[in-house]
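# An overview of the molecular structure
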Amino acid sequence: MSLKPLFHQAIQNALLTLDLKESDLPNYTIEAPKDPSHGDLSTNIAMVSAKAAKEAPQSIAAKLADALRTQSDLFIDIGVAGPGFINIRFKSSVYHQEMKELAEHANVFGRNKAFDGKKIILEFVSANPTGPLTVGHGRNAVLGDTMARLYEWCGASVTREYYFNNAGRQMRMLGESVKARYAQQLGKEAELPEGGYEGEYISEIAATLVEGHGNALLSEEGEGVFKEAAEKTILEDITRTLDRMQVKMDSFFNEHSLYENKAIYDVVEKLNEKGLVYQKDGAVWFATSQLGKDKDTVLIKKSGEPTYRLPDIAYHRDKLDRGFDLCIDIFGADHIDTYPDVLRGIDVLGYDVSKIDVLVYQFVTLVKDGKPYKMSTRKANFVTLDELMNEVGSDVTRFFFLMRSPSTHLEFDVAQAKEASDKNPVFYLQYAHARIQSVLRKVSEELGENRSGDVEWSTLEHEAEHSLMKKLFFFPDVIETAARAKEPHKVITYLQETAQEFTHFYHECRIMGEPKNVMASRAKLAEVTATVLKNGLSLLGVEAPESM
RNA sequence: GCGCCCGUAGCUCAACUGGAUAGAGCAACUGCCUUCUAAGCAGUAGGUUACAGGUUCGAGUCCUGUCGGGCGUACCA
């Protein structure tokens, strides 16, 4: 279903006849050359093995090419080029055979076994319930969810977890803020606390409380009913927002449970047994300087409250205890510093650190009126995810967040996103899909039920048909690469190229009005392309419309 | 100061993780709608990959240094 294994196998067979042994070979790669005139696939095997074999790369390549010629009937062309690349071109019949197999289960095409049977937990969003999700959280949510989908397509069973903390100063402040608004709405003198939350949503929560309880709550503490009401409402709102974005969490993990079951104190105890814990200035310290860090780290403040690092370590231990093979955290660049401390802790506790991995993404810079825009949940001058989706919809929102590599800053021009949505690249993909469906409807009218019958793949000989087929074959590789590298944008790049190949084919090769066998095979090729586009878009959480 | 990330076309970004002549979209320009969706296609123009060294058959990609930007560097989360 993918061309690479065919070539790989042929190389293995050819090697048997040469002196070169597989064990002598460093890792060689098989790639599709950028320039298609070089061939369908290319390998650097001769170059990378030249040193060990003490032989010129061109000479090795020539021998190997000869062996391939005599042993394999898959190729129409085998050549040696440049510094020692071996380039091959497959016979048409290979394309047709592969297409036949692909078409038989196109709807699952792309699924692979790269993470087969693995239990993976992804932690993402994890915003504390102090306000609505912002554009900044959006990138986190979409990256996490899309990674989850990618792993699922690679055979893993995936848990999406939202880790949150409903205690601490922020939440206290939230309760006080709601209480202040509540009192104000009842005509009492009250001021927002210093550093309180100013957003409109606070007033709305207060208004609901006024409606439900009148002035009965005036004597209550901010930390009590007010905080609880705010937390409940905000978490519901967050869930609704995620829902709109096609993000569904499998579990919510409350940080507080790690206090209740004493997990955090057990961590301190275990670390203490290793002699890595001490007291100083009334606080409890983790001797991270003995583990390669330049200074030690506070685990429990002198107030008796743990810092976030302690529950973080306990949380990751909990995940490993739950039997996950891989724990991935999706972090914004500002949280990256917690990661090494967690690893140190987990390592000392005797767990396999390699099971913990992190996807760090850079910040979203919001651009408004051509200027960068500073956001703060507390000041309420943020743009919420809901507002954004009201303007451009969930498809465009998700696509936008995924378009760029996580390691680069994402510039989000609000004005541009709000206007001219027809210039957005997501529509190019959706349009290609809709256009295929439209053609297929016409073909079905023409051919009736016969359309899905036996397809004469051998009629597909046009250059445009070949390059489209070739593109399709690589889909599973792309998914695997994107999952391993944790770079979902690779899927987008691929889909755009695929849509481009399709429109090229669409303009070069008419479907309607051709002889029936040609019409049928081209329609089938178009149909499979649509399915691949749809599969890819579903990985991104984006709709593949039947018409536009 | 130190740590992590980034610097590629006018702008926003790719480049299959070390491969061959660095590619797309937007913006600009030239063509193409009496035959399957013009939200499209074909073409033109645009580059010393921040800079200087190094590693090797081969560097945008790896190493060292310099410059510039972002984020950290809390007994905040």
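Everything quoted here is computed from the prediction, not taken from an experiment.

## Some details on the overall build of chain A
Helix and strand content of chain A: 19 helices and 15 strands. The dimensions of chain A, computed from C-alpha atoms along their principal axes, are 90 × 60 × 40 Å. Going through the 548 residues of chain A one by one, you find that 50% of them count as buried. Contacts in chain A between residues far apart in sequence, at least 24 positions, make up 74% of those at least 6 positions apart. About 25,400 Å² of surface is accessible on chain A, with carbon and sulfur atoms providing 47% of the total.

## Examining the domain arrangement of chain A
Splitting chain A by domain gives domain 1 (3-90) and domain 2 (169-244). Its C-alpha centre places domain 1 at a distance of 68 Å from the equivalent point of domain 2.

## Brief notes about the environment of glycine 39
Counting through the fold element by element, glycine 39 comes out in the loop between β1 (30-31) and β2 (41-43). Once the C-alpha coordinates of glycine 39 and isoleucine 78 are considered, the two residues, 39 residues apart in sequence, prove to be 8.5 Å apart. Ignoring anything within four residues of it in the chain, the contact list for glycine 39 reads Pro33, Ile88, Arg89 and Lys470.

## Concerning the pattern of salt bridges
Counting across every chain of the model gives 28 salt bridges. In this structure, the salt-bridge partner of arginine 69 is aspartate 66, at a minimum N-O distance of 2.9 Å. Here the residue arginine 69 and the residue aspartate 66 both occupy positions in helix α3 (residues 57-71), the gap between them amounting to three residues, near one helical turn. When salt bridges that share partners are traced, they join Asp145, Arg149, Glu152, Arg160 and Arg398 into one network.

## Section: the pairing of strand β4 (residues 85-90)
Across three bridges, the pairing between β2 and β4 is antiparallel. Bridge pairing in β4 links threonine 43 to isoleucine 86. The pairing of strand β3 (residues 75-81) with β4 spans six bridges and is classified as antiparallel. Bridge pairing in β4 places isoleucine 78 opposite isoleucine 88. Between β3 and β4, which pair antiparallel in sequence order, lie three residues; one of them, glycine 82, sits at a positive phi of approximately 55°.

## Section: the protein's contact with RNA strand B
Among the 63 residues in the neighbourhood of RNA strand B, the closest are listed as Lys301, Arg404, Tyr431, Glu487 and Tyr506. Among atoms of RNA strand B positioned within 4 Å of the protein, sugar and phosphate together represent 60%. Contact between RNA strand B and serine 42: a base nitrogen at 2.6 Å from a side-chain N or O atom of the residue. Contributing elements (two or more residues each) for the surface near RNA strand B: α2 (45-53), β4, β9 (283-286), α15 (425-447) and α18 (489-508). Broken down by element, the residue count for the surface near RNA strand B peaks at eight residues, all from α15. Here the surface near RNA strand B is built from residues that sort into 22 nonpolar, 18 polar and 23 charged.

## Digging into the sheet that holds β1
Taking strand neighbours across the sheet as the criterion, the four strands line up as β1-β2-β4-β3 in an open arrangement whose pairing is antiparallel. Looking along the sheet, the strands with just one partner apiece sit at the ends: β1 and β3. Along the sheet face, α3 touches β3 and β4 and points at about 175° away from the line of β3.

## Observations concerning helix α13 (residues 385-402)
For α13, spanning 18 residues, the distance from its first C-alpha to its last is only 15 Å, which falls clearly below the expected 26 Å at 1.5 Å a residue. Maximal helix bending in α13 amounts to about 110°, located at glycine 393. Burial runs high along α13: 13 of the 18 residues are buried.

## Things to note about the packing of aromatic side chains
All chains considered together, the criterion is met by 15 aromatic pairs. Between the aromatic rings of tyrosine 163 and tyrosine 315, the centroid separation amounts to 4.0 Å while the plane-to-plane angle is 20°, which identifies the pairing as stacked. Taken together, the residues tyrosine 163 in strand β6 (residues 157-164) and tyrosine 315 in helix α11 (residues 309-321) connect sequence positions 152 residues apart. Classification of tyrosine 163 by relative accessible area gives buried; the value is 8%. Judged by relative accessible area, tyrosine 315 falls into the buried class, the value being 0%. Residues phenylalanine 502 and phenylalanine 505 carry aromatic rings whose centres are separated by 5.8 Å and whose planes lie at 55° to one another, so their mutual orientation is tilted. Taken together, the residues span about one helical turn, with phenylalanine 502 and phenylalanine 505 both in helix α18 at a distance of three residues. In terms of burial, phenylalanine 502 and phenylalanine 505 fall into one category: buried. Linked through ring pairs, Phe7, Phe75 and Phe90 together constitute an aromatic cluster. Here the guanidinium or amino end of arginine 111 rests over the ring plane of tryptophan 153, the centre of that ring lying 4.3 Å away.

## Description of unusual backbone geometry
A positive phi angle, near 65°, is found at valine 125, a position not held by glycine. The topology assignment puts valine 125 in the loop between β5 (119-123) and α5 (135-153). In this structure valine 125 comes out as buried when scored by relative accessible area, which is 7%. Phi angles above zero are rare outside glycine, and lysine 262 is one such case at about 65°.

## Quick notes on the environment of methionine 245
Looking at where methionine 245 falls in the secondary structure, it is placed in the loop between α8 (222-244) and β7 (251-254). Between the C-alpha atoms of methionine 245 and glutamate 228, which are 17 residues apart in sequence, the distance is 26 Å. What methionine 245 contacts, discounting residues up to four positions off in sequence, is Gly138, Ala141, Val142, Leu385, Met389, Ser394, Thr397 and Arg398.

## Re the sheet that holds β5
With parallel pairing, five strands are arranged side by side in an open sheet as β7-β6-β5-β11-β12. Of all strands in the sheet, those bounded by a partner on one side alone are β7 and β12 (356-361). In this sheet, neighbouring strand axes are inclined to one another by 25° on average, regardless of whether the strands run parallel or antiparallel. Contacting β6 and β7, α8 crosses the sheet at an angle of about 145° to β6.

Rules used in this analysis
- Residues numbered from 1 in each chain as written.
- Chains lettered and ligands numbered in written order.
- Predicted model: local features only at pLDDT ≥ 70, side-chain atom pairs only at ≥ 80, totals over all residues.
- Heavy atoms only, no water.
- Helix = DSSP H or I, 4+ residues; strand = E, 2+ residues; numbered from the N terminus.
- Buried < 20%, exposed > 50% of the residue type's maximum accessible area, 1.4 Å probe, protein only.
- Contact = heavy atoms within 4.5 Å.
- Areas by Shrake-Rupley, 256 points an atom, 1.4 Å probe, with all protein chains shown as cover.
- Domains from an automatic or database assignment.
- Salt bridge = Lys/Arg side-chain N within 4 Å of Asp/Glu carboxyl O.
- Pairing = 2+ DSSP bridges.
- Near = heavy atom within 4 Å.
- Polar contact = N/O pair within 3.5 Å; in protein donor to acceptor, adjacent residues only side chain to side chain.
- Nonpolar A, V, L, I, M, F, W, Y, C, P; charged D, E, K, R; others polar.
- Axes fitted to C-alpha atoms, helices over the stretch in contact; angles between N-to-C directions.
- Expected span 1.5 Å × (residues − 1).
- Bend = angle between axes of the 7 residues up to and from the residue.
- Phe/Tyr/Trp six-rings, centres within 6.5 Å; stacked < 30°, edge-to-face > 60°.
- Lys NZ or Arg CZ within 6 Å of the ring centre and 35° of its normal.

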